[in-house]
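Fold and geometry: a report
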Amino acid sequence: MKERVGGLIILLVVIVAAGAYSFFRGIQPDPVEVTGLLGGEKIGLFESEDFKTYIKDEYGLTMDYRKAGSFDMVQGSLEGQDYLFPASQLAGELFKKEGHQASRTDIVFNTPVVLYSRKPVVEALEKEGLVSQREGVYYVHMEKLAKTIAAETPWKDLGLPQLYGNVLVDTTDPNKSNSGNMFLGLLANALNGNRVVDGTTAPEVIPDLQKIYALIGYMESSSADMFSQFLKQGMGSYPLIAGYENQLLEFSKTDPDVYQQIKDQVYILYPEPTVWSSHVYIALNPEAERGLEALKDPKIQDMAWKNHGFRTVVSGTGSSGLYEIPGLADDITQVMPMPDIQTMLTLMAAVE
């Protein structure tokens, strides 16, 4: 009899515990709406219905945004903003240098800086030894490319007389956009023999950088706008551009029909070495900290890779087979540091 009573008590405890768990699990957090400044390369994720629904259901969160360049967003007044989401740790350093204070910050996504081009250009670069192919992945010899650019080599000398002007990499404005800023650091390092530029070596590379950026001329302020122009205007306007790996990956998911039409012509090229773009979420108040919790949720991390091409702690390494993109690298191995913040500010001022 005692055993039966004991068994009933245990059963009751289990039922009550299960009911309590279901009850508390069903309680939704108080709704919070935050607004902030967002790099254009992440708009696809933030506009995704899966993303918006998940963070609202699981975190009671609505995240509004305004597009801004990574370096524009961390300078000046932050009035009316709850969070910033630049594409760079360097932007995070500049945020502190400007005297701003964060409630909480963390790196959420990563994506390497890459170059994009078209088949005839890649074939010409490969013939000149500026690009090589290993296991179907195309790599750019950054030091050779930097020297070719600095020497003001015409495209016609590479067997491409149909292209106007000199060999250049079109890029976003390094004083406004992170992709352009990271390419500036990468190019400076390449001109320095693939050694990280510092305060003592910066004066040696600045004259070449100024010459190169004068030839580039007008630069977009958004990596999303730059990539869109590259796709729309073709090889004649943009033979070679700097951008993020995730841009082509995301495009293949969001516009699969268009991508199928261009996939044999558009090439992704990995600089050797390259640099990581680390996307830092900056919560400016306690309410915006919920955004960081949501973005680090394993389901959001997985969604960011599978649908938008961001490499995360959860996904992205060794799983390139998820994308039907020729030349997509499984792993990013040859990576070098960016110059420190003070050196980068010197380089940015030199090419402004």
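Reference entry: report on the structure contained in this document.

All chains considered together, the criterion is met by 11 salt bridges. Where Glu 93 meets Lys 96, a salt bridge forms, and the shortest distance between an N and an O atom there is 3.9 Å. Taken together, the residues span about one helical turn, with Glu 93 and Lys 96 both in helix 5 (residues 89-97) at a distance of three residues. Assessed through its relative accessible area of 39%, Glu 93 is described here as partly exposed. Here the salt bridges share partners, and the residues they tie into one network are Glu 152, Asp 208 and Lys 211.

Turning our eyes to something else, we now look at unusual backbone geometry. Each neighbour pair has its own omega, and for Glu 272 with Pro 273 the value is -5 degrees, a cis peptide bond. Topologically, Pro 273 is positioned in the loop between strand 8 (266-272) and strand 9 (276-283). Backbone geometry places Glu 152, a non-glycine residue, at a positive phi of 55 degrees. Positionally, Glu 152 belongs in the loop between helix 7 (142-150) and helix 8 (178-191). Here Glu 152 falls in the partly exposed class, since its relative accessible area comes to 36%.

Counting 66 residues, the largest nonpolar core has Leu 209 and Tyr 213 as the members making the most contacts within it. Contacts of Tyr 213, omitting those with residues within four sequence positions, involve Thr 171, Pro 174, Gly 180, Phe 183, Leu 184, Leu 187, Met 219 and Val 351. Judged by nonpolar contacts, the second largest core, of 26 residues, contains Val 34, Ile 43, Leu 45 and Ala 283.

Turning to helix 7, a few remarks are in order. Among the residues of helix 7, those classed as buried are Met 142, Leu 145, Ala 146, Thr 148, Ile 149 and Ala 150. Just downstream of helix 7 lies Glu 152, where phi reads positive at about 55 degrees.

Scoring rules and cut-offs
- Residues numbered from 1 in each chain as written.
- Predicted model: local features only at pLDDT ≥ 70, side-chain atom pairs only at ≥ 80, totals over all residues.
- Heavy atoms only, no water.
- Salt bridge = Lys/Arg side-chain N within 4 Å of Asp/Glu carboxyl O.
- Helix = DSSP H or I, 4+ residues; strand = E, 2+ residues; numbered from the N terminus.
- Buried < 20%, exposed > 50% of the residue type's maximum accessible area, 1.4 Å probe, protein only.
- Core = buried A, V, L, I, M, F, W, Y, C linked by side-chain atoms within 4.5 Å.
- Contact = heavy atoms within 4.5 Å.

Nothing here speaks to function; it is geometry throughout.
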